[in-house]
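Breakdown of the fold
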Amino acid sequence: MDIDTPNKPNLDEFDDIKFDTDDMFVDSTVPTAIPNNIYMDDAQIGPTEYYDRLKLRKYYQELFPFDILVDWLTFNYDPEKESINDYYSKREFSTRYVVKSKPFVIRNKSFPTVDEEIKSNDLKEFVLGTVDEHTFTAKVPEKLDIGPVYSREPIKMNQYQDYRPVERELVFDIDIDDYNDIRVCCDGTSLCKKCWQFLSISAKFLELYLKECYNFQHILYVFSGRRGLHVWVSDRGALTLSKDLRQKIISYAKPGFEANQTPILQRAFDEIFLPSFENYIVEDQELFTMESQIKKLLDLLPGEIKLNKKSGKKYETINVRVLVEDDLKENPNQAPLDKWKKIKNLLLENDIKEYLYRIVFHYTFPRLDEQVSIGLNHLLKSPFCIHPSTQKLCIPLDIDLIDYYDPNDIPTLPKLLSELDQKGSTNPSPSKMDTDQKKSRKSKSSKQAPPTNFNYYKSFFKNYVNNIKLSKSNPNPLDF
Ligand SMILES: [Zn+2]
């Protein structure tokens, strides 16, 4: 770090700062408590750890797509207002180190230029850190985080009174452990193909909601490397949203306990939530085969309820929960989906659709970490980082194939390095991979999991960034 601190930091001071390895919401009071310098003699480690850091360094040195990342983060600059370098120089980057088992965060780092001729490697050098092979000393960051664009260069933050975040992608963070009360396939931070569906449903909803209601078009979905999904909306209109508007975007999406939902929620219910609930959640999460899950579902149903119109009477009272409970006891061998469809029909026939919404939304509606979306000065892990705990790559995801990813197949650092060592020998080129996949999809007329090699993800990201750059230069192709 460029800014020297006068005294060597005392590592013990930082015990009470909570660090999350998936992503990081940093309270505005926290950064000042974090030292900006790490001394090399604190970074001396044993040989095993040292060689692990070298592996990470090799990944960042040879594979990490710095050029595409910088293109993505700067495509929105306004040439009438400032140069691309001025814009880029106000973007905050951050890294996290672990020194003597304690985490250190370096915030408020920024770089002056994107010009490769002059100094392309500033960001890369920052991420590579430094090593000394004679002393087994490695000051190599665990990951790279991306912050907002500020009014001034973050490295000069102390020189200005008006230093504040002015642009931030609208971001969403969904962590699978927020679904622990409804999932049974895994617990804690683990994630399998079954509970991946909770993230997939969330992504599909956000895709519909953000495009239909706000006309946002530049949305990137990224697997966080362990337990979650990050969504980055980079449209110019999204970057400059105030905290209030970010809060409103989240609030407006939320379903109420009503028989009539907003048009967008009704559409999402019909196209995404209900089909996903029936195709995946009912069986994968054992809603009708595990006692504790049955109880939770029954708790969402009404007990005694007065119906407005029934058999010519003015009203009739039924106990929906008891009716369902009795039916489940009488038909224990019925298929789970049939059991669910009987409940659905009961709710529809008796005109109490609000309970149908209540159940389906409870199991499918995105559980967002709202503070990450609302705040402007938090950090979010960069796409293509290696997750420090799982060693998995934070891959960009194809929304059209979102159902088909398997978190167990996400490439890990060892796999990436082995691919690198056997360059070209085991993996088809991305273009061949794309063609093969398209052919296969066409012939089976069904989608399948995307390939799992690095070049595929890199080429996916490059295409995404090229497309958004193209749409910026030609915002409305129909005018031509
Ligand atoms: Zn699972």
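Residues numbered from 1 in each chain as written. Predicted model: local features only at pLDDT ≥ 70, side-chain atom pairs only at ≥ 80, totals over all residues.

**Notes on the overall build of the protein chain**
- Each helix and strand in the protein chain was counted, giving 17 helices and 13 strands.
- Per-residue burial over the protein chain gives 34% buried out of 480 residues.
- If you take every contact in the protein chain between residues at least 6 apart in sequence, the share linking residues at least 24 apart comes to 70%. (Helix = DSSP H or I, 4+ residues; strand = E, 2+ residues; numbered from the N terminus. Buried ≥ 20, exposed ≤ 12 C-beta atoms within 10 Å, placed from the backbone. Contact = placed C-beta atoms within 7 Å.)

**Quick look at unusual backbone geometry**
- For Asn-108, which is not glycine, the phi torsion reads 55 degrees and is therefore positive.
- Phi is positive for Asp-351, close to 60 degrees, though the residue is something other than glycine.
- Counting through the fold element by element, Asp-351 comes out in the loop between helix 12 (336-349) and helix 13 (353-364).

**Observations concerning the sheet that holds strand 13 (residues 396-397)**
- Reading across the sheet, the four strands line up as 7-9-8-13 and stay open at both edges, with antiparallel pairing between neighbours. Strands at the two margins of the open sheet, each flanked by one partner only, are strand 7 (170-175) and strand 13.
- Two elements, strand 7 and strand 9 (residues 228-233), share six bridges in a ladder whose sense is antiparallel. Following the sheet pairing, Phe-172 is matched in strand 9 by Val-231. (Pairing = 2+ DSSP bridges.)

**Here's the deal with the packing of helix 6 (residues 193-214) against helix 9 (residues 263-284)**
- Close contact between helix 6 and helix 9 brings their axes to 10 Å; oriented N to C, the two are set at 170 degrees. As the angle between them shows, helix 6 and helix 9 are arranged roughly antiparallel. Listed contacts from helix 9 to Lys-194, Gln-197, Ile-201, Lys-204, Phe-205, Leu-208, Tyr-209, Glu-212 and Cys-213 of helix 6 are Ile-264, Ala-268, Ile-272, Phe-273, Ser-276, Tyr-280, Ile-281 and Asp-284.
- Residue composition of the contact of helix 6 with helix 9, by class: 11 nonpolar, two polar and four charged. (Axes fitted to C-alpha atoms, helices over the stretch in contact; angles between N-to-C directions. Parallel < 35°, antiparallel > 145°, perpendicular 65-115°, else oblique. Nonpolar A, V, L, I, M, F, W, Y, C, P; charged D, E, K, R; others polar.)

**Looking at the environment of Pro-332**
- On the secondary structure map, Pro-332 appears in the loop between helix 11 (320-330) and helix 12.
- Judged by the 8 C-beta atoms lying within 10 Å of it, Pro-332 falls in the exposed class.

**Notes on the confidence of the model for the protein chain**
- Within the protein chain, residue pLDDT values average 84, and 81% of them lie at 70 or more.
- The low-confidence segment residues 1-36, where pLDDT is below 50, has 52 contacts with residues more than four positions distant or belonging to other chains. (pLDDT = per-residue confidence, 0-100.)

**So, the pairing of strand 9**
- Most of strand 9 is tucked away, with six of its six residues classed as buried.
- Covered by surrounding structure in strand 9 are Gly-228, His-230 and Trp-232 together with Leu-229, Val-231 and Val-233, the residues of both alternating faces.
- Pairing of strand 8 (residues 219-223) with strand 9 involves five bridges; the strand directions are antiparallel. The partner of Phe-223 across the bridge, within strand 9, is Leu-229.
- Between strand 8 and strand 9, which pair antiparallel and follow one another directly, the connecting turn spans four residues, one of which, Gly-225, has a positive phi of 105 degrees.

**A short note on the pairing of strand 5 (residues 143-150)**
- In terms of burial, strand 5 is a largely internal element, eight of the eight residues being buried.
- Where strand 1 (residues 91-99) meets strand 5, five bridges bridge the pair, whose relative direction is antiparallel. Looking across to strand 5, one finds that Ser-94 is bridged to Asp-145.
- Relative to strand 12 (residues 380-381), strand 5 is paired through two bridges, and the arrangement is antiparallel. Within the sheet, the bridge partner assigned to Ile-146 lies in strand 12 and is Leu-380.
- Here two bridges tie strand 5 to strand 6 (residues 165-167), and the two strands are oriented antiparallel to one another. In the sheet register, Tyr-150 faces strand 6, and the bridge partner there is Pro-165.

**Points about the environment of Phe-198**
- Topologically, Phe-198 is positioned in helix 6.
- The spatial distance from the C-alpha of Phe-198 to the C-alpha of Arg-183 is 9.2 Å, given a sequence separation of 15 residues.
- The residues touching Phe-198, leaving out its near neighbours within four places in the chain, are Ile-176, Tyr-179 and Arg-183.

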